[in-house]
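Overview (structure and organization)
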Amino acid sequence: MDKTSDAQAEILARLDRLESRDEIRQLISKYSLALDMRDMSAMASLFAPDVKVGGGKSGRAALRDWLDDTMRKQFDGTSHHVGSTIIEFIDADNAVGVVYSKNEHECGAEWVIMQMMYYDRYERIDGRWCFRRRQPLYWYATDLNRPPVGSRKMRWPGREPYEGSFHDLFPSWKEFWARSGPEEALPEPAPLETFIETMRKGNEVRGNRVR
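Reference entry: report on the structure contained in this document. The shown structure was predicted, so the numbers you read here are calculated from the model rather than taken from an experiment.

1. Things to note about unusual backbone geometry
As a rule of thumb, non-glycine residues mostly have phi less than zero, and peptide bonds are mostly trans rather than cis. Here the phi dihedral of Arg-38 falls at roughly 60 degrees; this positive angle occurs in a residue that is not glycine. Relative to the elements of secondary structure, Arg-38 occurs in the loop between helix H1 (3-36) and helix H2 (40-44). A relative accessible area of 26% means that Arg-38 is categorised as partly exposed.

2. What about the pairing of strand S3 (residues 77-91)?
Two strands pair when backbone bridges link them, and S3 and strand S4 (residues 94-107) are joined in this way by 12 bridges, in the antiparallel orientation. Looking at the pairing, Thr-78 lines up with His-105 of S4. The turn joining S3 and S4, which pair antiparallel and follow one another in sequence, is formed by two residues.

3. Side note on a nonpolar patch on the surface
A contiguous nonpolar patch, built from Leu-12, Leu-15 and Leu-18 and spanning about 320 Å² of accessible area, is present on the exposed surface. Relative to the helices and strands, Leu-18 is located in helix H1.

4. Quick notes on the layout of surface pockets
In this structure, the largest pocket encloses a volume near 880 Å³. Trp-66, Arg-134, Gln-135, Pro-136 and Val-210 are, among the 38 residues lining the largest pocket, the residues nearest its centre. For the lining of the largest pocket, the residue count by class is 20 nonpolar, 10 polar and eight charged. In this structure, the second largest pocket occupies an estimated 340 Å³ of space. Lining the second largest pocket are 13 residues, and of these Glu-183, Pro-187, Thr-198, Met-199 and Lys-201 sit closest to its centre. Every element with two or more residues in the lining of the second largest pocket is listed here: helix H4 (172-178) and helix H5 (195-200). Counted by class, the lining of the second largest pocket contains six nonpolar, two polar and five charged residues.

5. Structural notes on the pattern of salt bridges
All chains considered together, the criterion is met by 12 salt bridges. Put simply, Glu-175 and Lys-201 hold a salt bridge, and the shortest N to O gap is 3.2 Å. A residue pair is termed long-range when its members are at least 10 positions apart, and Glu-175 in helix H4 and Lys-201 in the segment after H5 qualify at 26 residues. Residue Lys-201 is classed as exposed on the basis of its relative accessible area of 53%.

Scoring rules and cut-offs
In this numbering scheme, every chain counts its residues from 1 along its sequence in written order. Local features in this predicted model are restricted to residues of pLDDT 70 or higher, and side-chain atom pairs are both shown and tallied only at a pLDDT of 80 or more, whereas totals for entire chains, interfaces and linings draw on every residue. Excluding hydrogens and water, the side-chain values take into account all heavy atoms of the structure. Here a helix means four or more residues in a row that DSSP labels H or I, a strand means two or more in a row labelled E, and each is numbered from the N terminus. For every residue, the accessible area obtained with a 1.4 Å probe (protein chains only) is divided by the maximum for its type, and the residue is called buried under 20%, exposed over 50%, and partly exposed between those limits. DSSP bridges decide pairing: two strands pair if at least two such bridges lie between them. Like charges are joined within 9 Å and nonpolar side chains (Val, Leu, Ile, Met, Phe, Trp, Tyr) within 5 Å, but only among residues with over 30% relative accessible area and no salt bridge; these make up the patches. The protein chains shown are the only cover counted for residues, whose accessible areas, like all others here, come from Shrake-Rupley with a 1.4 Å probe. Salt bridge, as applied in this entry: a Lys or Arg side-chain nitrogen positioned within 4 Å of an Asp or Glu carboxyl oxygen. Buried and open spaces are told apart on a 1 Å grid over the protein atoms alone, a cavity being a set of points where a 1.4 Å probe fits but cannot get out and a pocket being an open set with protein on both sides within 12 Å along at least five of seven lines. Residues with an atom within 4 Å of a point are the lining residues. Grid points are joined across faces, edges and corners, and a volume is the space filled by probe spheres set on the points. Under the scheme applied, nonpolar residues are Ala, Val, Leu, Ile, Met, Phe, Trp, Tyr, Cys and Pro; charged residues are Asp, Glu, Lys and Arg; polar residues are all the others, including Gly.

Note that every value here comes from positions in space, so none of it alone points to a role or purpose.
Written out as structure tokens, the structure reads:
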């Protein structure tokens, strides 16, 4: 391949990445709209066809049914506000992301606000970007008039408070509080497209409570 062809291929790859990043941002916003408008079929269509749902179930229909049950039992109305977003590519058809979300929930006579983030895996399937996995990590949920000071910040009406998992994906949170000052060595900046995974250091969050 000559230099001209190499340059054209690089331009096309960079253009594809720009378009992909924008499509993933649209995917994230579509999630909020479909969830808040209770269109569970539209919501399920944003995920990979063989998405894992839990309990040995998989597929969009199973996800739609789980979401329908969850939304019907827990909330009268919701509003999800997307905030800080980082999207990084593993390769042309796979990416990871961290998305902040500030949410409001109508729960009968109480109004619950929540701060959380999603740790996402995205995959392009048949030319369309989908969620391969969307893992919620919670900081707090509390009545609008009751700031969640102290521990066990997940405080839903009629339920015992419990700890969220907002900081659990990134070891830096516990490491920060375990030492009395700055780290001794200043590491090199993370390579491009690996900021999230460099911070994560291979850490996983399992068994986090989602409802």
